[in-house]
Amino acid sequence: MTFVPRKTFPNYNIPLNNFKGHHQKALSKFGHLAPQLDLILEVRDSRAPISTTNVLFDKVLPSKKKLILYSKKDLSILKPRLLEKWHKSKNEQYMFVDCRSKRDGKKIITEIKKLYDSMETPPPLGLRTMIIGMPNVGKSSLVNTLRYVGLSEGESAISTKIRKVARTGGQPGVTRNTSEIIRLSRDPEIMVYDTPGVFLPTTKNAETMLSLALVGCINESFIDPVILADYLLYVLNLQDPTGKLYTDYIDHPTNNVYELLESINQKRNVLKIDKRFDECGLANHWISKWKQGKSSKYRGLFDVAAIQEINVKDFGDLANAERERIGLSNVQQRLQDRFGDDGTSTSKHRKRTAKDREFDMKNRLFKL
């Protein structure tokens, strides 16, 4: 009998909100720093290229030149031609990178230097950029790589100990505050702000939340691991209905996550005292292999729309629908009250404070 993968995923009752206080604080900081910035580096996880797109950034940092970086290419099967199709029509600049790769770091530094050279009047205090993105997509790792590449050559080279300036980790939330300005290069002068990951106020559905969980944007304990394993099985079957992506544990394709977990248990031979297998532990074991990319076999894609290779129109429609949905949220309204309709801190609904005037004065001095 021919195996037929599931066309839809059950709508489990899982939380759709993981927006925290330091996310709101970071968005406010972005708005205050916006006038100083010449370039935005937005990092998205290439295993979930649509789910890790945060439309709030467009509100806080409008009209800023942006370079989109699809990270963790070593863990993804996303096709570069699909990115080309999505972004070419919008004239958006993007790169497919590994945040720890020195080669990719050099390519990014080269692109930033091209922007610097193209400026009619180079900034007197150097080109300033900011790295933004969802939690745990590789922003701080990228900062360390860019600093290593930018400061490891020439007479201005610095020691390896000093090059690593941003804390990194496998869980989201390692970076919780926007950093002080960090130098990436001396010739030309390139500076960067490392920022905490910012989550969406709410995700549009459970599948988006599960995609974000699979790439590590939310904490492991936030969603039941068996549900997450079931979603992983669902997207793997969509990618390859033959079941080859999990033949290490079972010799035939299946839609039943419990059958798969039982097969994993037989391979690992791990039982509880009462002779039952630990479903959650086995689910976490299997999920971690895909999260961390234990080998070249564990390279995946966790966005259903990306697996289906949606066209440019559908990609644009998804983005517009997401902007409209987020526009109805309280976070969007607070940002609008704080920074105005055009993101320039000129809202009519907000009283200006002494801190605002102090910031404006510093910004004027910076531009002189």
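Conventions and cut-offs
- Residues numbered from 1 in each chain as written.
- Predicted model: local features only at pLDDT ≥ 70, side-chain atom pairs only at ≥ 80, totals over all residues.
- Heavy atoms only, no water.
- Helix = DSSP H or I, 4+ residues; strand = E, 2+ residues; numbered from the N terminus.
- Buried < 20%, exposed > 50% of the residue type's maximum accessible area, 1.4 Å probe, protein only.
- Contact = heavy atoms within 4.5 Å.
- Areas by Shrake-Rupley, 256 points an atom, 1.4 Å probe, with all protein chains shown as cover.
- Pairing = 2+ DSSP bridges.
- Axes fitted to C-alpha atoms, helices over the stretch in contact; angles between N-to-C directions.
- Core = buried A, V, L, I, M, F, W, Y, C linked by side-chain atoms within 4.5 Å.
- Domains from an automatic or database assignment.
- Arc of directions from axis to C-beta.
- Salt bridge = Lys/Arg side-chain N within 4 Å of Asp/Glu carboxyl O.
- Expected span 1.5 Å × (residues − 1).
- Polar contact = N/O pair within 3.5 Å; in protein donor to acceptor, adjacent residues only side chain to side chain.
- Parallel < 35°, antiparallel > 145°, perpendicular 65-115°, else oblique.
- Left-handed = near helix turned anticlockwise from the far one by under 90°.
- Nonpolar A, V, L, I, M, F, W, Y, C, P; charged D, E, K, R; others polar.

Taking an unreviewed UniProt entry as the reference, the chain is identified by name as Mitochondrial GTPase, putative belonging to Candida dubliniensis.

Caption draft 1: Structural view of the overall build of the chain. Within the chain, the regular secondary structure consists of 14 helices and 6 strands. Relative to its 368 residues, the chain shows a buried fraction of 52%. In the chain, 73% of the contacts between residues at least 6 apart in sequence involve partners at least 24 apart. With the model as given, the accessible surface of the chain reaches about 18,400 Å², and the carbon-plus-sulfur share is 49%.

Caption draft 2: Highlighting the sheet that holds strand β6 (residues 189–194). Read from one edge of the open sheet, 6 strands run β3-β2-β1-β4-β6-β5, paired in mixed fashion. The strands lining the two open edges of the sheet, one partner per strand, are β3 (93–96) and β5 (182–186). Each neighbouring strand pair of the sheet contributes to a mean axis angle of 25°, computed without reference to strand direction. For strand β2 (residues 66–71) and β3, the ladder comprises 4 bridges, and the chain directions are parallel. Paired with L67 across the strands is Q93, a residue of β3. Running at roughly 170° to β3, helix α3 (residues 80–88) makes contact with β1 (39–45), β2 and β3 of the sheet.

Caption draft 3: How the structure looks around the nonpolar core. The biggest cluster of nonpolar side chains holds 99 residues, and the ones touching the most others in it are F30, L69, L232 and W286. No other element matches the 10 residues that helix α8 (residues 225–239) contributes to this core. In this structure, this core is formed jointly by two domains, domain 1 (21–200 + 329–365) and domain 2 (206–306), each of which donates at least three residues.

Caption draft 4: Quick peek at the pairing of β6. Of all 6 residues in β6, 5 are buried; the element is thus mostly enclosed. Inspection of the sheet shows strand β4 (residues 127–133) paired to β6 by 5 bridges, in the parallel sense. What sits directly across from M130, in β6, is Y193. Here β5 pairs with β6 via 4 bridges, running antiparallel. When the sheet's bridge partners are listed, S185 is paired in β6 with I190. Linking β5 to β6, which pair antiparallel, is a turn of 2 residues.

Caption draft 5: Structural context of α3. Of all the residues in α3, the buried ones are L82, L83, W86 and H87. Along the long axis of α3, the arc covered by the buried residues comes to 115°, so they all point the same way. The exposed set on the far side of α3, more than 90 degrees from its buried face, consists of R81 and K88. Those residues of α3 that are buried lie in contact with β1, β2, β3, α11 (304–307) and α12 (312–327).

Caption draft 6: Spatial organisation of the pattern of salt bridges. Applying the stated criterion to the full structure yields 15 salt bridges. With a closest N to O distance of 2.9 Å, E42 and K66 form a salt bridge. Of this pair, E42 sits in strand β1 while K66 is found in strand β2, placing the two residues 24 residues apart along the sequence. Given the relative accessible area of 1%, E42 is considered buried. Here K66 falls in the partly exposed class, since its relative accessible area comes to 24%.

Caption draft 7: Region of the structure containing helix α9 (residues 257–268). In this model α9 runs 16 Å from its N-terminal to its C-terminal C-alpha over 12 residues, within 8% of the 16 Å that 1.5 Å per residue would give. Within α9, the full set of buried residues consists of V257, L260, L261, S263, I264 and N265. On its buried face, α9 is in contact with α8 and α10 (279–292). Here α9 starts with a cap whose side-chain oxygen sits 2.9 Å from the backbone nitrogen of Y258, and that cap is N256. A positive backbone phi angle near 55° is found at N269, which sits one or two residues after α9.

Caption draft 8: Layout of the packing of α8 against α10. With their axes 8 Å apart at the nearest point, α8 and α10 run at an angle of 45° to one another. For the element pair α8 / α10, the angle class is oblique. Here α8 runs over α10; the crossing is left-handed. Here α8 contributes P225, V226, L228, A229, L232, L233 and L236 to the contact with α10, which in turn contributes E279, C280, A283, N284, W286, I287 and W290.

Caption draft 9: Inspection of the packing of helix α7 (residues 206–214) against α8 at higher detail. Look at α7 against α8: their axes get within 10 Å of each other, and the N-to-C directions meet at 95°. As the angle between them shows, α7 and α8 are arranged roughly perpendicular. Along its contact with α7, which presents E207, L210, S211, A213 and L214, the element α8 presents I227, L228, Y231, L232 and Y234. Across the contact of α7 with α8, the residue classes break down as 8 nonpolar, 1 polar and 1 charged.

Caption draft 10: Spotlight on the environment of E92. Mapped onto the fold, E92 is located in the loop between α3 and β3. For E92, a relative accessible area of 31% corresponds to the partly exposed category. C-alpha separation for the pair E92 and K66, spaced 26 residues apart in sequence, amounts to 7.7 Å. Residues contacting E92, with those up to four places away along its chain left out, are I68 and H87. Among the polar contacts listed, one links the side chain of E92 to the side chain of H87, at a separation of 2.6 Å.

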